[in-house]
Amino acid sequence: DFRERARLSRRATPLASTTMASMSCMAGTPLAARARASVAKTGKRASRGSLVIRASAETDAAAALVERGYPFVKIVGQDELKLALTLNVVDSKIGGCLIMGDRGTAKSVAVRALSDLLPDIDIVPGDPFNSSPTDPELMGPEVLEKFRAKEDIPTGAMKIPMVEVPLGTTEDRICGTIDIEKALAEGVKAYDPGLLARANRGLLYIDEVNLLDDSLVDVVLDSAAGGWNTVEREGISITHPAKFIMIGSGNPEEGELRPQLLDRFGMACNVRTIFDRELRVQLVKNRMEFEEDPEGFVKSCEEETNELKTKIAAAQKLLKEVKMERDLAIKISGVCALVDVDGLRGDIVVTRAAKALVAYERRTEVTEDDIKRVIGPCLSHRLRKDPMDTMDGSFKVMLGFNKIFKGSAMADFAGAMAEGIEDPEAKAKEEEKAKADPAPKKAGAWGGLPGGR
């Protein structure tokens, strides 16, 4: 064994000495010069752009399959979730949506299917920030300089982007960092845009948001609230627009979000497992048909999807004309104060969501019923958490709504029962019936003393 190891060591020595010699020759050379020497030696330099192009050319079929997602209109039984996502598309200033619920309840499917309903936008071709060619508030630094200099800005079109934030990401990939390739090859400082730049004017989706590091969630939510991302690191100072619809999903069994983070989401939906047998059968049937023939299944509901896209586009144009009476606005603030909602975000989001709902239904006047439909998802996640209180947040909000709008917290109790609360009168009647008609005793059971009841 010793002789065999010595023989292998002698074979490896020339390679090792050659490697060490080449390393010693380059030891005193600066990094940028070494990169240029490597380029001169090989005659080519690895380029991220060319690599991306080659990868996309090789995976055209795979990309087409990925883009062919499950149709939004075929999601059954999650009406509250679909409405919340749709209202955020109608008015992106609502502030996004947080979706929490059981496993396998179409949370991620609904979010990814939402991108197919979004219209195309005008952009500046080749710009990493999806800059608008006409709106200075949506322009990246380079396009903004050309706009101020009154230079000609090219115009193109693209589908509204949807960017997913993976759990293993880091802050520099979210915010952006220095371009190492240009720093080594050209010796210049350049900015490498991150996920926030790619998501500008689009959707930013975080699956399992409750498992993402809190500091990263803070960065994303701060940019979503302000609409701008500021980077100060590695000698780089840049500010670029980051206006996007923030959507997060997760399973509450795996952990909860901090109240400060919950308040940053405009709306929140609790998705529950469907127990209706007919709906479950329909869901399974639709899914199997989609997996067997994705293109045929999507084409079968193409007309319905186009109708929904047209309806959303019309609602976006009609939104500015929607009006709300002052009395309704005062009552919304009264509900927020009654259920102890901190801050004013709740008041603003309820107002925006109600107006978006009215525009979506092609009306121009907000009613009490419109507020009732959206106030639960807008306020339920903003309530203060009491570990000893088992009452659902949506039920508390509904009690507050009934108290302010109807004068009695227990008005419309049938609606409250839909939230899973038992009717006390019905329960008392059941208990009385059980006492009047005792259950039959088992054979051999003791029936009491003779003459007794």
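Basis of the calculations
Residues numbered from 1 in each chain as written. Predicted model: local features only at pLDDT ≥ 70, side-chain atom pairs only at ≥ 80, totals over all residues. Heavy atoms only, no water. Helix = DSSP H or I, 4+ residues; strand = E, 2+ residues; numbered from the N terminus. Expected span 1.5 Å × (residues − 1). Buried < 20%, exposed > 50% of the residue type's maximum accessible area, 1.4 Å probe, protein only. Salt bridge = Lys/Arg side-chain N within 4 Å of Asp/Glu carboxyl O. Phe/Tyr/Trp six-rings, centres within 6.5 Å; stacked < 30°, edge-to-face > 60°. Lys NZ or Arg CZ within 6 Å of the ring centre and 35° of its normal. Patch = residues over 30% accessible without salt bridge, like charges linked within 9 Å, V, L, I, M, F, W, Y side chains within 5 Å. Areas by Shrake-Rupley, 256 points an atom, 1.4 Å probe, with all protein chains shown as cover. Lys, Arg positive; Asp, Glu negative; His and termini not counted. Charge placed at Lys NZ, Arg CZ, Asp CG, Glu CD. Contact = heavy atoms within 4.5 Å. Axes fitted to C-alpha atoms, helices over the stretch in contact; angles between N-to-C directions. Parallel < 35°, antiparallel > 145°, perpendicular 65-115°, else oblique. Left-handed = near helix turned anticlockwise from the far one by under 90°. Nonpolar A, V, L, I, M, F, W, Y, C, P; charged D, E, K, R; others polar. Disulfide = S-S within 2.5 Å.

The terminal C-alpha atoms of helix α5 (residues 79-90) lie 16 Å apart, and with twelve residues this matches the ideal 16 Å at 1.5 Å per residue to within 8%. When you tally the buried positions in α5, you get ten out of twelve residues, the bulk of the element. Every buried residue of α5 is listed here: Leu81, Lys82, Leu83, Ala84, Leu85, Thr86, Leu87, Asn88, Val89 and Val90.

The residue Ala106 is not glycine, and still its phi comes out positive at about 70°. Among the structural elements, Ala106 can be located in the loop between β1 (97-101) and α6 (107-114). One non-glycine residue with positive phi stands out, namely Glu208, at about 55°. Among the structural elements, Glu208 can be located in the loop between β7 (202-207) and α11 (214-226). Residue class for Glu208 comes out partly exposed when judged on its relative accessible area of 23%.

The next subject is the pattern of salt bridges. Evaluation of the coordinates by the stated rule reveals 13 salt bridges. Across the pair Lys159 and Asp116 runs a salt bridge, and its minimum N-O distance is 3.1 Å. Linking Lys159 in strand β3 (residues 156-159) with Asp116 in the loop between α6 and β2 (120-123), this pair joins segments that are 43 residues apart in sequence. Look at Lys159 and you get partly exposed, because its relative accessible area is 41%. In this structure Asp116 comes out as partly exposed when scored by relative accessible area, which is 23%. In this structure, Arg264 and Asp222 form a salt bridge, with 2.8 Å as the shortest nitrogen-oxygen distance. Taken together, the positions of Arg264 in the loop between α12 (259-262) and β11 (267-271) and Asp222 in helix α11 put the pair 42 residues apart, joining distant regions of the chain. Note on Asp222: relative accessible area 42%, which makes it partly exposed. Bridged by salt links that share partners, the residues Glu361, Arg363, Asp370 and Arg373 form one connected network.

What follows is about the packing of aromatic side chains. A full pass over the atoms with the stated rule returns five aromatic pairs. Measuring from centroid to centroid gives 5.2 Å for Tyr70 and Phe290, while their planes differ by 75°, and the two rings are edge-to-face. On the criterion of sequence distance, the pair formed by Tyr70 in the loop between α4 (60-67) and α5 and Phe290 in helix α13 (residues 277-292) is long-range, its members being 220 residues apart. Each member of the aromatic cluster is reached from another via a ring pair, and the members are Tyr70, Phe290 and Phe297. Across the ring face of Phe72, the terminal group of Lys82 is positioned such that the distance to the ring centre comes to 5.6 Å.

Before going further, it helps to spend a moment on a negative patch on the surface. Together, Glu289, Glu292, Asp293 and Glu295 give the surface a local cluster of negative charge. The partly exposed category is assigned to Asp293, whose relative accessible area is 40%.

On to the environment of Leu85, then. In this structure, Leu85 sits in helix α5. Separated by 160 residues in the primary sequence, Leu85 and Ile245 have C-alpha atoms spaced 9.7 Å apart. When residues no more than four places from it in sequence are discounted, the contact partners of Leu85 are Phe72, Cys97, Ile99, Ala110, Val111, Leu114 and Ile247.

Two elements in contact, helix α18 (residues 368-379) and helix α19 (residues 393-406), have axes separated by 10 Å at closest approach and are oriented at 150°. One element, α18, and the other, α19, form an angle in the roughly antiparallel class. Pair α18 / α19 crosses with right-handed handedness. In contact with Glu368, Ile371, Lys372, Ile375, Gly376 and Leu379 of α18, α19 contributes Val397, Met398, Phe401, Phe405 and Lys406. Partitioning the contact of α18 with α19 into residue classes produces seven nonpolar, one polar and three charged.

The subject of this paragraph is the state of the cysteines. Working definition of a disulfide: a covalent bond connecting the sulfur atoms of two cysteines. The tally for this structure, following the rule as stated, stands at zero disulfides. Here Cys269 stays unpaired: no disulfide links it, and the sulfur of Cys97, its closest cysteine neighbor, is 4.2 Å away. For Cys336, which is in no disulfide, the shortest distance to another cysteine sulfur is to Cys378 and amounts to 9.1 Å.

Before going further, it helps to examine helix α17 (residues 345-360). With 16 residues, α17 ought to run about 22 Å at 1.5 Å a step, and its terminal C-alpha atoms sit 22 Å apart, in line with that. Buried within α17 are the following residues: Gly346, Asp347, Val349, Val350, Ala353, Ala354, Ala356, Leu357, Val358, Ala359 and Tyr360. Close packing links the buried residues of α17 with α5, β11, α15 (302-318), α16 (326-338) and α18. Phi turns positive one or two residues past the end of α17, at Arg362, with a value near 60°.

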